[in-house]
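Coordinate inspection notes
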Amino acid sequence: MLGRATFYNPWQTLGLVESLVYGDAPSGITRRKVLEEFQVYGDSVLGIHGNNRPNIRDVFKPVLNLFHSEPGNAIWKRNVDAAFHECRTVKSLLEETLVAIPDWVLDSPVVKPIPG
């Protein structure tokens, strides 16, 4: 069930793929950087198929679990759900909702889990 694990906990599931599978050095990428890059992508694809498709909810769904088991996750998800009704860009949605996540969570790279 790798697909479910990836959907529900993408940071820990996908964060170490390059180093564990391909032997590359850990990238040190942070969630903040991932969201900055996602914001550019997300805003570029909003409404490209006409009739407001994909909409902001469609585009943003893959990152909803980025803060799985982290402080502020539940509040952030509630804020995101409310912001879907008001925000028309990924940038505005992130600006409005990321205040719920502590900076140390946003700025820490993925950590290799302890075996066992």
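Look above for the structure.
Quick caveat: nothing in here was measured; it's all calculated off a predicted structure. (Residues numbered from 1 in each chain as written. Predicted model: local features only at pLDDT ≥ 70, side-chain atom pairs only at ≥ 80, totals over all residues. Heavy atoms only, no water.)

**A look at the packing of helix α6 (residues 73-83) against helix α7 (residues 90-97)**
Interaxial distance between α6 and α7 falls to 9 Å at its minimum, and their mutual angle equals 140 degrees. It follows that α6 is oblique to α7 by the angle criterion. The chirality of how α6 crosses α7 is right-handed. Here α6 contributes Trp-76, Asn-79, Val-80 and Ala-83 to the contact with α7, which in turn contributes Leu-93, Glu-96 and Thr-97. Across the contact of α6 with α7, the residue classes tally to 4 nonpolar, 2 polar and 1 charged. (Axes fitted to C-alpha atoms, helices over the stretch in contact; angles between N-to-C directions. Helix = DSSP H or I, 4+ residues; strand = E, 2+ residues; numbered from the N terminus. Parallel < 35°, antiparallel > 145°, perpendicular 65-115°, else oblique. Left-handed = near helix turned anticlockwise from the far one by under 90°. Contact = heavy atoms within 4.5 Å. Nonpolar A, V, L, I, M, F, W, Y, C, P; charged D, E, K, R; others polar.)

**Regarding the packing of aromatic side chains**
Going through the model one piece at a time under the given rule, you end up with 6 aromatic pairs. The interplanar angle of 55 degrees and the centroid separation of 5.9 Å between the aromatic rings of Phe-38 and Tyr-41 together place this pair among those described as tilted. Placement of both Phe-38 and Tyr-41 in helix α4 (residues 31-45) is noted, with a separation of 3 residues, approximately one turn of the helix. Ring centres 6.1 Å apart and planes at 70 degrees place the aromatic pair Phe-38 and Phe-60 in the edge-to-face group. On the criterion of sequence distance, the pair formed by Phe-38 in helix α4 and Phe-60 in helix α5 (residues 56-60) is long-range, its members being 22 residues apart. Note on accessibility: Phe-38 and Phe-60 belong to one class, buried. (Phe/Tyr/Trp six-rings, centres within 6.5 Å; stacked < 30°, edge-to-face > 60°. Buried < 20%, exposed > 50% of the residue type's maximum accessible area, 1.4 Å probe, protein only.)

**Thoughts on the nonpolar core**
By size, the foremost hydrophobic cluster in this structure holds 25 residues, and its most contacted members are Leu-35, Phe-60, Phe-67, Trp-76, Leu-93 and Leu-98. Going through the elements one at a time, α4, α5, α6, α7 and α8 (103-106) are the ones with two or more residues in this core. Apart from the residues lying within four places of it in its own chain, the contact partners of Phe-67 are Arg-31, Leu-35, Asn-73, Trp-76, Leu-98, Ile-101, Val-105 and Leu-106. (Core = buried A, V, L, I, M, F, W, Y, C linked by side-chain atoms within 4.5 Å.)

**Considerations on the pattern of salt bridges**
Applying the stated criterion across every chain yields a total of 6 salt bridges. Through salt bridges with shared partners, a single network forms among Arg-32, Asp-103 and Asp-107. (Salt bridge = Lys/Arg side-chain N within 4 Å of Asp/Glu carboxyl O.)

**Notes on the packing of α4 against α7**
Their axes nearest at 8 Å, the elements α4 and α7 cross at an angle of 145 degrees. Seen from α4, the contacting residues are Leu-35, Phe-38, Gln-39, Gly-42 and Asp-43; seen from α7, they are Val-90, Lys-91 and Leu-94. Along the lines of polarity and charge, the residues of the contact of α4 with α7 split into 4 nonpolar, 2 polar and 2 charged.

Interpretation in functional terms is not warranted from these geometric data alone.
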